[in-house]
Amino acid sequence: MLDMACRCCGGRNVELVIDLTDQPHCNRLVRVDLPAKTEPHYPLRVGFCRDCTMVQIDHTIPKESMFSDYPYVSGTTKTLPAHFAATSRRIADAYGLGPDDLVVDIGSNDGTWLKQYAPFGCQVLGVEAAGNVAKLAQDAGIRTWSRFFNEDCAKDVIAQFGHAKVVTAAGVFFHLEELHSVVRGIEQLLTPDGVFVVQAIYLGGMVENTAFDQVYHEHLCYYTLRSLSALLERHGMEVFDAHLEPIHGGSIEAHVARKGSRLVQPSIAAMRADEVTKGFGEIATYQQLARNVLALQQKLVALLQDYAARGKTVWAYGAPAKGATLLNSFGIGPALVQQAVERNPMKVGLAIPGCRIPIALEQDGVSPDAYLVLAWNFIDEFLKNPANIAFMAGGGEFIVPVPKVLVVGAGGARQV
Ligand SMILES: [Zn+2]
């Protein structure tokens, strides 16, 4: 057992299933000249609660140290704004959003999602803890508070703007250290018929894709419909509709209301049954995931060693947070992957912590023999990029590490 109380139910039956060893905070990029191993390392261990089935990590890095200055900006890929545009239209249509309604987005990042509500004329408010990212949203004209969302914040929003018809949270709901205060705040903030729409990486997708690289210190909990429902029910709310979205390699979108206020849709029983069939509430499923991660490591490291032995250069294509987990868990450093290239200027000139792979600016016409695609969830977008098509036509290859190790070139994809 891990020495912790379950983040959801408070029980002390959280059993270790995957130990990814001590790692630095994945988004705390470091200066290239920082002496080796001097950045703080913390345990990165995944546990399964035998009482409520919540899968979670045990070590919490204080949120102020992780989120006050944040290098991830939603707007830097094309996939995310399109995804948010489609989602906001669905929400606006389903709940009849109009000029009198308030939408609050928790962890609103650079305002990418809230911008999409402009056609519906509703009031919007973003709550974003990272001051540097909140400023990007403010500069773009999206009203944004730079603070952590919790019960106190909800009270302040109500005092200033009234209650919210819709509260959204995308890609942040697993970050939340003050989980119960956040859920209480959402419950209070909603109008009587209000709806909370949460998108989070789906644990079921992580299991099926061996997407262990979604495990990092910012992600405290990993949800199934069952475990998410258990958390919300503790605060008088229930999931009344849910479906899976392909974003981030598989996410769950859950629509939540006060218990009994909305008709529970057939999607709930269907997804719950599917989770039972697939064993997502069983510890054995996560013990198998740990074995699958080990097998992935052996294949990927052997492949990279083969490239190195043949004198081929390999660069990381992008330096996302999940990339740090993959590289540090697998012990991959500059000997196998010489550098990472990025479009995000906030990352260029720094190094990925732990493995210390330096991050350079992505430049047209300058490429290695192969790219390791750390942001494998965006591979379809990358492969449509004309520059990447030209790269492959010239003999270049993409190495995709997850869900299976693939080498993609002009001749197609080859599984390793
Ligand atoms: Zn529990």
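The structure contained in this document is the topic of the report that follows. All values derive from a computational prediction rather than experimental measurement.

The rules behind the values
- Residues numbered from 1 in each chain as written.
- Predicted model: local features only at pLDDT ≥ 70, side-chain atom pairs only at ≥ 80, totals over all residues.
- Heavy atoms only, no water.
- Helix = DSSP H or I, 4+ residues; strand = E, 2+ residues; numbered from the N terminus.
- Rg over C-alpha atoms; globule rule 2.2 N^0.38 Å.
- Buried < 20%, exposed > 50% of the residue type's maximum accessible area, 1.4 Å probe, protein only.
- Areas by Shrake-Rupley, 256 points an atom, 1.4 Å probe, with all protein chains shown as cover.
- Lys, Arg positive; Asp, Glu negative; His and termini not counted.
- Charge placed at Lys NZ, Arg CZ, Asp CG, Glu CD.
- Salt bridge = Lys/Arg side-chain N within 4 Å of Asp/Glu carboxyl O.
- Donors = N, O, S within 2.8 Å, 3.2 Å for Na, K, Ca; no water.
- Tetrahedral: all angles 85-135°; square planar, octahedral: opposite > 155°, others 65-115°.
- Disulfide = S-S within 2.5 Å.
- Core = buried A, V, L, I, M, F, W, Y, C linked by side-chain atoms within 4.5 Å.
- Pairing = 2+ DSSP bridges.
- Axes fitted to C-alpha atoms, helices over the stretch in contact; angles between N-to-C directions.
- Contact = heavy atoms within 4.5 Å.
- Phe/Tyr/Trp six-rings, centres within 6.5 Å; stacked < 30°, edge-to-face > 60°.
- Lys NZ or Arg CZ within 6 Å of the ring centre and 35° of its normal.

1. Some details on the overall build of the protein chain
Phase 1 of the analysis: Counting secondary structure elements, the protein chain contains 12 helices and 20 strands.
Phase 2 of the analysis: Against the compact-globule benchmark of 22 Å for 416 residues, the protein chain has a radius of gyration of 21 Å, which places it among compact chains.
Phase 3 of the analysis: If one aligns the C-alpha atoms of the protein chain with their principal axes, the spans along those axes are about 65 × 45 × 40 Å.
Phase 4 of the analysis: Per-residue burial for the protein chain yields a buried fraction of 57% across its 416 residues.
Phase 5 of the analysis: Carbon and sulfur atoms provide 53% of the accessible area of the protein chain, an area that totals close to 16500 Å².
Phase 6 of the analysis: Placing the 36 positive and 43 negative side-chain charges of the protein chain at their respective mean positions leaves the two points 2 Å apart.

2. A closer look at the pattern of salt bridges
Phase 1 of the analysis: A full pass over the atoms with the stated rule returns 19 salt bridges.
Phase 2 of the analysis: With a shortest N-O distance of 2.9 Å, aspartate 3 and arginine 12 are connected by a salt bridge.
Phase 3 of the analysis: For the salt bridge of arginine 343 with glutamate 362, the shortest nitrogen-to-oxygen distance reads 3.8 Å. With arginine 343 in the loop between strand S14 (339-342) and strand S15 (350-351) and glutamate 362 in the loop between strand S16 (359-361) and strand S17 (370-372), this pair connects stretches of sequence that are 19 residues apart.
Phase 4 of the analysis: Owing to a relative accessible area of 47%, arginine 343 belongs among the partly exposed residues under this scheme.
Phase 5 of the analysis: On the accessibility criterion, glutamate 362 (28% relative accessible area) is partly exposed.

3. Re the coordination of the zinc ion
Phase 1 of the analysis: Donor atoms from the polypeptide that bind the zinc ion are Cys6 (SG), Cys9 (SG), Cys49 (SG) and Cys52 (SG), placed at 2.3 Å.
Phase 2 of the analysis: If you look at the zinc ion, its four donor atoms make angles of 103 to 115 degrees with each other, and the shape they trace is tetrahedral.
Phase 3 of the analysis: Each donor residue of the zinc ion belongs to the same chain, with the gaps between them written as C-x2-C-x39-C-x2-C. In this pair, cysteine 6 is assigned in the segment before strand S1 (14-23) and cysteine 49 in strand S3 (residues 42-49), connecting sequence segments 43 residues apart.
Phase 4 of the analysis: Residue cysteine 49 is classed as buried on the basis of its relative accessible area, which comes to 0%.

4. Digging into the state of the cysteines
Phase 1 of the analysis: Using the criterion set out here, one finds zero disulfides in the structure.
Phase 2 of the analysis: Not engaged in a disulfide, the cysteine cysteine 26 finds its nearest cysteine sulfur in cysteine 355; these two sulfurs lie 11 Å apart.
Phase 3 of the analysis: Note on cysteine 26: relative accessible area 6%, which makes it buried.
Phase 4 of the analysis: In this structure cysteine 122 is a free cysteine whose sulfur lies 19 Å from that of cysteine 153, the closest cysteine sulfur available.
Phase 5 of the analysis: Residue cysteine 122 is classed as buried on the basis of its relative accessible area, which comes to 10%.

5. Re the nonpolar core
Phase 1 of the analysis: Counting 137 residues, the largest nonpolar core has Tyr117 and Ile332 as the members making the most contacts within it.
Phase 2 of the analysis: Of all the elements, helix H9 (residues 283-309) adds the most residues to this core, at 10 residues.

6. Concerning the sheet that holds strand S13 (residues 314-317)
Phase 1 of the analysis: On the basis of which strands lie adjacent, the open sheet formed by seven strands has the order S16-S14-S13-S17-S18-S19-S20 and mixed pairing. Every other strand in the sheet has two partners, leaving S16 and strand S20 (412-415) as the edge strands with one partner each. Sheet twist, expressed as the mean angle between neighbouring strand axes with direction ignored, is 30 degrees.
Phase 2 of the analysis: Of the pairings in the sheet, the one linking S13 to S17 comprises three bridges and is parallel in character. The partner of alanine 316 across the bridge, within S17, is leucine 372.
Phase 3 of the analysis: Taken strand by strand, H9 contacts S13, S17, strand S18 (397-400) and strand S19 (406-409), and its axis lies near 155 degrees from that of S18.

7. Concerning the packing of aromatic side chains
Phase 1 of the analysis: Tallying each qualifying case throughout the model produces 14 aromatic pairs.
Phase 2 of the analysis: Ring centres of tyrosine 202 and phenylalanine 280 lie 6.2 Å apart, and the angle between their planes is 85 degrees; this geometry places the pair in the edge-to-face category. Of this pair, tyrosine 202 sits in the loop between strand S9 (190-201) and helix H6 (203-209) while phenylalanine 280 sits in the loop between helix H8 (266-277) and H9, placing them 78 residues apart in sequence.
Phase 3 of the analysis: Taking the relative accessible area as the measure of exposure, phenylalanine 280 reaches 3% and is therefore buried.
Phase 4 of the analysis: Centre to centre, the rings of tyrosine 371 and phenylalanine 398 are 5.6 Å apart; their planes meet at 20 degrees, and the pair counts as stacked. Of this pair, tyrosine 371 sits in strand S17 while phenylalanine 398 sits in strand S18, placing them 27 residues apart in sequence. Of the two residues, tyrosine 371 and phenylalanine 398, neither departs from the other in class, the shared state being buried.
Phase 5 of the analysis: Here a set of aromatic residues connected by ring pairs shows up, and it is made of Trp315, Tyr317, Tyr371, Phe378, Phe382, Phe391 and Phe398.
Phase 6 of the analysis: Positioned above the aromatic ring of tyrosine 307 is the side chain of arginine 310, whose terminal nitrogen or guanidinium carbon lies 4.9 Å from the ring centre.

8. Structural notes on the sheet that holds strand S7 (residues 144-145)
In a beta sheet, neighbouring strands pair by backbone hydrogen bonds and run either parallel or antiparallel.
Phase 1 of the analysis: Spatial ordering of the open sheet is given by S7-S6-S5-S8-S9-S12-S11, a layout of seven strands whose pairing is mixed. Edge positions in the sheet fall to S7 and strand S11 (237-245), since each of these pairs with one other strand and no more.
Phase 2 of the analysis: Note that strand S5 (residues 102-106) and strand S8 (residues 164-170) share four bridges and pair parallel. Bridge assignment links valine 103 to a residue of S8, and that residue is valine 166.
Phase 3 of the analysis: Contacts from H8 reach S11 and strand S12 (251-258), with the element oriented near 70 degrees to S11.

9. Regarding the pairing of S14
Phase 1 of the analysis: The alternating pattern of S14 places Gln339 and Val341 and Ala340 and Glu342 on opposite faces, both of which are buried.
Phase 2 of the analysis: With three bridges connecting them, S13 and S14 associate as parallel partners. When the bridges of S14 are listed, tyrosine 317 appears paired with valine 341.
Phase 3 of the analysis: As paired elements, S14 and S16 share three bridges and run parallel to each other. Residue pairing in the sheet places alanine 340 in a bridge with isoleucine 359 of S16.

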